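Breakdown of the fold
Single-letter residue listing:
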Amino acid sequence: METVRTFCRNCSAACAMAIEVDQGRMISARPDGAVSPYGAYLCPKGLASVEFHNGAEDRLLNCLARSADGAFAPIEPEAALDAIGAKLAALVAEHGPRSVAVYHGTGAYRSTLGGLMERAWVSALGTPNFFSTMTIDQSAKWVTMARMGTFASGRHAMRDLDVALLAGGNPVVTHQGAPFALMESGAPSRALETARARGMKLILIDPRRTETARHADLLIQPLPGHDAAIFAAIAHVLLRDGSYDHAFVERWCAGLDDVRALVAEATPEWAARRADVSAAEIELAAKWLGDARKVGVGSGTGPSFSAHSNLADHMIELVNVLCGGYRRAGDLVRNPGTLRPRSFTEMAVSPSRGFERKPKCLSADTGQLLGEFPSALLPGEITANSPDRIRALIVFGGDPLKAMGDPALASAAFAKLDLLVSLDSRMNETGKRAHYVIAASQPFERHDLTLAADALYPEAFAQYAPPIVAKPQGCLHDWEFFWEVSARMGLPLIFKSWSYGQRFEDIARGLPLSPADRPDPEALCRFLAGEGKVEFDSLVAHPEGLRPDSEPAFVQPAPDASGKLQLMPADVAAEFHGYAAEPLDDGYPLRLTCRRVLHALNGAFRDSRAARKRHPVNPAWMNPLDMADLGLGEGVLVEIASPHGAIRAVARGEDRLRRGVVSMSHMFGPLVGSGDPIADGGSNPGELTSLSEVLEPINFMPRFSGIPIRVSPVSEA
Ligand SMILES: Nc1nc2c(c(=O)[nH]1)N[C@H]1C(S)=C(S)[C@@H](COP(=O)(O)OP(=O)(O)OC[C@H]3O[C@@H](n4cnc5c(=O)[nH]c(N)nc54)[C@H](O)[C@@H]3O)O[C@H]1N2
Ligand SMILES: Nc1nc2c(c(=O)[nH]1)N[C@H]1C(S)=C(S)[C@@H](COP(=O)(O)OP(=O)(O)OC[C@H]3O[C@@H](n4cnc5c(=O)[nH]c(N)nc54)[C@H](O)[C@@H]3O)O[C@H]1N2
Ligand code: SF4
Ligand SMILES: [Mo]
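1. Observations regarding the sheet that holds strand S11 (residues 218–220)
Reading across the sheet, the 4 strands line up as S11-S10-S9-S13 and stay open at both edges, with parallel pairing between neighbours. Sheet topology places S11 and strand S13 (295–299) at the edges, where each strand pairs with a single neighbour. Direction aside, neighbouring strands of the sheet carry axes that sit 10° apart on average.

2. Considering the sheet that holds strand S29 (residues 661–665)
In a beta sheet, neighbouring strands are held together by backbone hydrogen bonds and run either parallel or antiparallel to one another. With mixed pairing, 6 strands are arranged side by side around a closed barrel as S25-S29-S26-S28-S27-S30. Going across the sheet, the axis of each strand differs from the next one's by a mean of 45°, ignoring polarity. Bridging between strand S26 (residues 620–622) and S29 involves 2 bridges; their strand directions are antiparallel. Paired with tryptophan 621 across the strands is serine 663, a residue of S29.

3. Section: the site of ligand 3
Around ligand 3, a shell composed of Cys8, Asn10, Cys11, Ala13, Ala14, Cys15, Leu42, Cys43, Lys45, Gly46 and His175 is seen. The class makeup of the residues in the shell around ligand 3 is 7 nonpolar, 3 polar and 1 charged.

4. Topic: the packing of aromatic side chains
Under the criterion given, the structure shown has 19 aromatic pairs. Plain terms: the ring middles of tyrosine 464 and phenylalanine 536 are 4.8 Å apart, the flat faces sit at 65° to each other, and that makes the pair edge-to-face. Highlighted residues: tyrosine 464 in strand S20 (residues 464–465) and phenylalanine 536 in helix H22 (residues 536–541), separated in sequence by 72 residues. Take tyrosine 464: its relative accessible area is 2%, and that puts it in the buried class. Among the aromatic residues, ring-to-ring pairing joins Trp121, Phe396, Phe481 and Phe482 into one connected group. Arginine 119 extends its terminal NZ or CZ atom over the ring of tyrosine 500, reaching a point 5.9 Å from the ring centre. Lying over the aromatic face of tyrosine 588, arginine 710 brings its terminal NZ or CZ to 4.5 Å of the ring centre.

5. Points about the environment of methionine 667
The residue methionine 667 is located in the loop between S29 and helix H26 (677–680) in this model. Remark: the alpha-carbon pair of methionine 667 and proline 548, spanning 119 residues in sequence, is separated by 40 Å. Setting aside chain neighbours within four positions, we find methionine 667 in contact with Asp399, Lys402, Ala403, Asn602, Gly603 and Arg606.

6. Points about the packing of helix H15 (residues 309–322) against helix H23 (residues 570–580)
Orientation of H15 relative to H23, taken along the N-to-C sense of each, is 115°, at an axis distance of 10 Å. Taken together, H15 and H23 sit at an angle that is classed as roughly perpendicular. Along this stretch, H15 crosses H23, giving a crossing that reads as left-handed. On the side of H15, the interface is formed by Asn310, Leu311, His314 and Met315, while H23 contributes Val572, Glu575, Phe576 and Tyr579.

7. Here we look at the packing of helix H9 (residues 227–240) against helix H11 (residues 256–263)
Each pair of packed helices gets described by two things: the angle between the helix axes and the distance between those axes. At a minimum axis distance of 9 Å, the contact between H9 and H11 shows a crossing angle of 115°. As summarised for this structure, H9 and H11 are arranged roughly perpendicular, according to the angle between their axes. Between H9 and H11 lies a crossing whose hand is left-handed. Mapping the contact onto sequence places Ala232, Ala235, His236 and Leu239 in H9 and Leu256, Val259, Arg260 and Val263 in H11. Taken together, the residues of the contact of H9 with H11 break down into 6 nonpolar, 1 polar and 1 charged.

8. Things to note about the domain arrangement of the chain
For the chain, the assigned domains are domain 1 (2–53), domain 2 (63–129 + 373–440 + 476–515), domain 3 (139–349 + 565–574) and domain 4 (585–713). Its C-alpha centre places domain 3 at a distance of 28 Å from the equivalent point of domain 4. Between domain 3 and domain 4, the residue contacts involve 28 residues of the former and 24 residues of the latter. For the domain 3 and domain 4 pair, buried surface summed over both sides reaches about 2,000 Å², with 55% attributable to carbon and sulfur atoms. If you sort the residues of domain 3 by the area they bury against domain 4, Arg208, Arg209 and Phe305 come out on top, with a joint share of 31%.

9. Examining the site of ligand 2
Neighbouring ligand 2 are 29 residues, the closest being Tyr103, Thr106, Asp424, Arg426 and Arg446. Between aspartate 399 and ligand 2, the recorded distance is 2.8 Å, taken from a backbone N or O atom to an oxygen atom. Within the backbone of glycine 603, a nitrogen or oxygen atom sits 2.8 Å from an oxygen atom of ligand 2. Protein chains bury 94% of the 920 Å² of accessible surface belonging to ligand 2 in isolation. Looking at the shell around ligand 2, the elements that each hand over two or more residues are helix H4 (106–109), helix H17 (400–404) and strand S17 (419–424). Split by residue class, the shell around ligand 2 holds 11 nonpolar, 11 polar and 7 charged. Residues from two domains meet in the shell around ligand 2; each of domain 2 (63–129 + 373–440 + 476–515) and domain 4 (585–713) gives at least three.

10. Things to note about unusual backbone geometry
The omega torsion of the bond from lysine 358 to proline 359 falls at 0°, within 30 degrees of zero and hence cis. You can see proline 359 is positioned in the loop between strand S15 (348–349) and helix H16 (378–383). The phi torsion at aspartate 406 lies on the positive side, around 50°, for a residue other than glycine. Inspection of the secondary structure assignment puts aspartate 406 in the loop between H17 and helix H18 (407–414). With a phi angle near 50°, valine 694 is a residue other than glycine that sits in the positive phi range.

11. Comments concerning the nonpolar core
If you look at the biggest cluster of nonpolar residues, it comprises 91 residues, and the most contacted ones within it are Leu88, Trp121, Phe481 and Leu539. The residues that make up this core include at least three from each of domain 2 (63–129 + 373–440 + 476–515) and domain 4 (585–713). Beyond its immediate chain neighbours, meaning those up to four positions away, leucine 539 contacts Leu339, Leu449, Ala462, Gln463, Tyr464, Ala529, Val534 and Leu546. Counting 60 residues, the second largest nonpolar core, distinct from the first, contains Ala233, Met315, Leu322 and Ala348.

Scoring rules and cut-offs
Residues numbered from 1 in each chain as written. Chains lettered and ligands numbered in written order. Predicted model: local features only at pLDDT ≥ 70, side-chain atom pairs only at ≥ 80, totals over all residues. Heavy atoms only, no water. Pairing = 2+ DSSP bridges. Helix = DSSP H or I, 4+ residues; strand = E, 2+ residues; numbered from the N terminus. Axes fitted to C-alpha atoms, helices over the stretch in contact; angles between N-to-C directions. Near = heavy atom within 4 Å. Nonpolar A, V, L, I, M, F, W, Y, C, P; charged D, E, K, R; others polar. Phe/Tyr/Trp six-rings, centres within 6.5 Å; stacked < 30°, edge-to-face > 60°. Buried < 20%, exposed > 50% of the residue type's maximum accessible area, 1.4 Å probe, protein only. Lys NZ or Arg CZ within 6 Å of the ring centre and 35° of its normal. Contact = heavy atoms within 4.5 Å. Parallel < 35°, antiparallel > 145°, perpendicular 65-115°, else oblique. Left-handed = near helix turned anticlockwise from the far one by under 90°. Domains from an automatic or database assignment. Buried area = accessible area lost by both parts, 1.4 Å probe. Polar contact = N/O pair within 3.5 Å; in protein donor to acceptor, adjacent residues only side chain to side chain. Areas by Shrake-Rupley, 256 points an atom, 1.4 Å probe, with all protein chains shown as cover. Core = buried A, V, L, I, M, F, W, Y, C linked by side-chain atoms within 4.5 Å.

This is the structure in structure tokens:
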């Protein structure tokens, strides 16, 4: 028996782990707190990762090709790559590179070499068609950056905060922390306990008394979709009482008078009526924020999924700005980066509306956000009446048909593709409709670095993970897929250490890869670590991870103070007036909200035996009083109808939910339900979503929360 140190790649926390290996077979995983900045911690998915690997889920062991009759047959990886490479080369020759698109899903984010090889391939190809889950997740935050600007020193770490306000996130379950939600990704409960023992106050705004609410000093439970009103009212109180950070706003912001005018009538009483909460709670939250020294205000997916998500996010960031919620010159930077060292300056970076520039989408007059087109427009880009339309789509670690919602519209568009490839370790709903499914290797079979977590750790830390076991014959590494396809297309690649905010083409440092010489994955990792503060050989020698041995880093004063945050651009103000004029009663008595389950990560791990035992379906959770009003018993079958569609689900009572709200997890059930959610293994709330109506401006974000619904019993139940 041998103990191997590595890290979990199931989510972005990248928790350090120790795995017992016996004669080449992994036996068990346990937390490894030796050096990790989270201490010893693994969530149930991390603890089960060896079982997942050893077959608790139906992983794909072979690549598959779909024949004319629609059935899948196994295909050798080489043959699949030859066919895909030839088809792509022919499409590019006939229609140009824009005929090819990629969709980068949740599974792609933790595949370090795969994700960067994908970027290199897209850049070499020269297509603007990069889609990812970011634009159907929290791209409201990107829109705010583009319209307000950013503050270069970043927000305070949770370890420094006096007051943290989180709207619509549940980090104790999701481990979704920095940079937006301010929480720590690994060991979230322990981090919150430590922060509160130090005196930090936690305010949560969520229709559900979440698992995170156990740590809250104040929980406000609004109707979904009214964060804009609540945060406008908090801004109103900060301005009314003069408790905002005058010095910060004066030095770094423009547009305070427009904010004053906009929120003049947004009193706590007004917001309380709209969101159905008490005005006193809003006053209290504003008082705590106004009185505190170091404040962090952020959000999870809730406000980014609901109506007016871009407006809501702007108002949330506005409150953070009014509280001066960013590190200042002289502040200690707890994590200045290890693999990607960063410097921090106290400086506003003026907005730059990249989405107004070319390249633009074909189906709507919008450009890119951080180099990506909105995923909700992917179907329209496939069906556009244009020679530039998308004809081939590579789906890397994602299930866009399930994730985007509106499966009728989306699957009809996907059916028009000449080539649909799913690069995935599992068969999912998009894979079922693909021409080729490429079986991807699993984490413990490949080389990884903690590059994606580098900036998220609470303290500087890095880890390198070589493979522990060999990949099955029929599988390909994600990076191999992109390199092999490019080799077959005769495209030389330049491999780079890209990260968000960078234009791939502008990164000077690159490793040229020739189509003739197969890259060595360890050499790729060595290249990526080349800019870091720790030697790659030290990382190899310390599989438990390393903290760089460097002087403490502090925020530097601004070299230039000309940048300004634009607090209230005209389009944001117009969106606010539109929201404020909306009637509260739209004829639908209930609102459907989002939630996530601890034992699965979106579609991944959901079909493992442990997860299925706990979650045979994704119930429609309801307040028991709402159930009683509708005459619904526990576990009955209900129909849920939105303005866009209807699904059947199993109703379950949960008194953690406020009245008027039904909550359901996504990524359960088939794309389109059969009418029997128990036999289906759940229901797809995406059927209640529209990809043609009520999309937000700029990012075309669909509505995944706060969906107006009606619930009725199904009589034959
Ligand atoms: N275990 C597990 N972890 C995961 C995932 C998973 O599926 N399972 N998914 C991963 C992914 S892809 C993501 S993006 C993150 C998401 O991480 P989180 O953002 O923490 O996700 P949720 O738990 O869905 O939290 C959203 C919360 O918003 C509330 N809410 C809904 N609508 C509104 C609203 O209009 N306003 C307000 N204020 N609140 C609202 C909901 O009640 C819910 O508690 O989690 C990641 N981590
Ligand atoms: N109604 C509703 N819709 C939603 C949401 C919601 O809360 N409600 N949430 C939205 C959000 S935040 C997101 S992020 C999206 C999620 O959308 P997607 O990311 O498209 O969906 P996932 O199910 O996470 O797909 C991840 C896939 O990656 C695969 N995978 C895992 N590891 C690897 C790997 O190493 N390599 C490869 N090649 N594949 C791998 C998994 O098997 C899985 O099939 O859904 C969005 N849609
Ligand atoms: S929090 Fe994420 S990285 Fe940590 S053990 Fe769980 S799934 Fe793995
Ligand atoms: Mo997400």
